[in-house]
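Structure assessment
The primary structure of each chain is shown beneath.
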Amino acid sequence: MPNSRRAFFKTGAVAIAGGAAVSAAPVAKAGPLQVTPACAGHETPPALDGPLFKPSSPERTNLVTPSVRGVRLDLRGLVYSPQCAVISGALLDFWQCDQNGDYDTVGFGLRGHQRTNSRGEYHLNTIIPRDYFGQWGWRAPHIHVQIQAPSGPPLVTQLYFPDDTQAYGRDFAALNAGDEFINRVCTIQVQRAGAGYRGTFDFVIKTTVGAP
């Protein structure tokens, strides 16, 4: 691709995430899902870096490969500037653990990047990750995102799930309550869609390096 992802992201970052497999099913169509609250100009909060980011992920919007057997998640949203203008061409890089709480550290399973369209929209087909424990510590289910406007600084954050989310027989309320790093501002709004979920989350990011 002409403007490589490696050149676009000038810094790399990460975070962290154990589990039981659940058979996947296509996400059924559901009624309109209200997007996250209207842009108020507040930048999406950053999250801690971690050891599991990998550069040069595939450009794709669908992370569900044949080996993935988790609860499906259809995630959509917008990317805004602090002035609440939509940002086209913003780069989003996603990485997460699987239905067993494991990250792919050899290949690019459940990893991928994409750019927002002319309306500032992104769309990700993935699964709800499980909580994890082990060599990386313990964390509630979350999805890592590194996001950057064409002329802005990169932002690393994490997306979380509501307490009433149902997946893998896990108690999401207890998992969320026990995670010292969780930021509830970054909770995805979800609703059931067949055997999976549909979700929305909008990002607000800086568009200029050094901007306040």
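Just so we're clear, the structure is a prediction, and the values are computed from it rather than from any experiment. Within each chain, residues carry numbers counting from 1 in the order of the written sequence. In keeping with the predicted nature of the model, local features appear solely for residues at pLDDT of at least 70, side-chain atom pairs appear and are counted solely at 80 or more, and the whole-chain, interface and lining totals rest on all residues. In computing side-chain values, all of the structure's heavy atoms are included and hydrogens and water are not.

Some words on the pattern of salt bridges
By definition here, a salt bridge exists when the distance from a side-chain nitrogen of Lys or Arg to a carboxyl oxygen of Asp or Glu is within 4 Å. Following the criterion strictly, the structure yields 6 salt bridges and no others. Between Asp131 and Arg170 there is a salt bridge whose closest N-O contact spans 2.7 Å. Here the residue Asp131 occupies a position in the loop between β4 (121-127) and β5 (143-148), and Arg170 occupies one in the loop between β6 (155-159) and α2 (172-177), the gap between them amounting to 39 residues. With a relative accessible area of 0%, Asp131 lands in the buried category. Secondary structure follows DSSP: runs of H or I at least 4 residues long count as helices, runs of E at least 2 residues long count as strands, and numbering of each begins at the N terminus. Buried, partly exposed and exposed residues are distinguished by accessible area as a fraction of the type maximum, computed with a 1.4 Å probe on protein chains only: under 20%, between the cut-offs, and over 50%, respectively.

Digging into the packing of aromatic side chains
Put simply, two rings from Phe, Tyr or Trp (the six-membered ring, in Trp's case) pair if the centres are within 6.5 Å, and we call them stacked under 30 degrees between planes, edge-to-face over 60, tilted for the rest. Per the stated rule, a full pass over the model turns up 6 aromatic pairs. Ring centres of Phe53 and Trp95 lie 4.9 Å apart, and the angle between their planes is 70°; on these two criteria the pair is classed as edge-to-face. In this pair, Phe53 is assigned in the loop between α1 (5-8) and β1 (72-80) and Trp95 in strand β2 (residues 91-95), connecting sequence segments 42 residues apart. We note that Phe53, like Trp95, is buried. Cluster of aromatic residues (ring-pair linked, three or more members): Phe94, Tyr122, Phe201 and Phe203. To sit over a ring, a charge needs its Lys NZ or Arg CZ within 6 Å of the ring centre and within 35 degrees of the ring normal. One cation-aromatic arrangement involves Arg192 over Tyr197; the distance from NZ or CZ to the ring centre is 4.4 Å.

Side note on the side chain of Ser57
If you trace the backbone, Ser57 turns up in the loop between α1 and β1. Nitrogen and oxygen atoms within 3.5 Å of one another constitute a polar contact, given that in protein one can donate a hydrogen and the other can accept it, and given that sequence-neighbouring residues count only through two side-chain atoms. Engagement of the side chain of Ser57 in a polar contact is seen with the side chain of Asp93, the distance being 3.2 Å.

Section: the sheet that holds β5
Two strands pair under a simple rule: DSSP has to find at least two bridges between them. Pairing is antiparallel across the open sheet formed by 4 strands, whose spatial order is β3-β2-β5-β6. With one partner strand each, in any of the chains shown, β3 (111-115) and β6 form the two edges of the open sheet. For this sheet, the mean inter-axis angle between neighbouring strands, taken without regard to orientation, is 20°. For β2 and β3, the ladder comprises 5 bridges, and the chain directions are antiparallel. Note that in β3 the partner of Phe94 across the bridge is Gly112. Here the axes come from fitting lines to C-alpha atoms, over the contacting stretch only for helices, and the angles between their N-to-C directions go from 0 to 180 degrees.

Side note on the environment of Glu121
Looking at the element boundaries, Glu121 is found in strand β4. You can call Glu121 partly exposed: its relative accessible area is 31%. Between the C-alpha atom of Glu121 and that of Ala90, which follows or precedes it by 31 residues, the distance is 9.2 Å. There is a polar contact of 2.8 Å between the side chain of Glu121 and the side chain of Asn117. A polar contact of 3.1 Å, which involves the side chain of Glu121, links it to the side chain of Arg119.

Side note on the confidence of the model for the protein
Within the protein, residue pLDDT values average 85, and 80% of them lie at 70 or more. Ignoring residues within four places in sequence, the model shows residues 1-29, a span with pLDDT below 50, making 112 contacts including any to other chains. One confidence number per residue, pLDDT, is output by the predictor and ranges from 0 to 100. In what follows, residue pairs with any heavy atoms lying within 4.5 Å of each other are defined as contacts.

Observations regarding the nonpolar core
Membership of the largest hydrophobic core comes to 34 residues, with the highest contact counts inside it found for Val79, Ile128, Leu159 and Phe203. The set of elements that each furnish at least two residues to this core consists of β1, β2, β4, β5 and β6. Non-local contacts of Val79, meaning those with residues more than four positions away in its chain, are made with Ala85, Val86, Ile87, Ala90, Leu92, Thr116, Gly120, Tyr122, Ile147, Phe203 and Ile205. Listed in part, the 7 residues of the second largest apolar core include Leu52, Cys97, Tyr103 and Tyr132. As used in this record, nonpolar core signifies buried Ala, Val, Leu, Ile, Met, Phe, Trp, Tyr and Cys residues forming a set joined through side-chain atoms within 4.5 Å.

Some thoughts on the state of the cysteines
In what follows, a disulfide is any cysteine sulfur pair within 2.5 Å. Under the defined criterion, the tally for this structure stands at 1 disulfide. Between the sulfur atoms of Cys39 and its disulfide mate Cys84 the distance is 2.2 Å. Taking the torsion about the sulfur-sulfur bond, which here is approximately -80°, the covalent link between Cys39 and Cys84 counts as left-handed. A residue pair is termed long-range when its members are at least 10 positions apart, and Cys39 in the loop between α1 and β1 and Cys84 in the loop between β1 and β2 qualify at 45 residues. The class for Cys84 is partly exposed, based on a relative accessible area of 31%.

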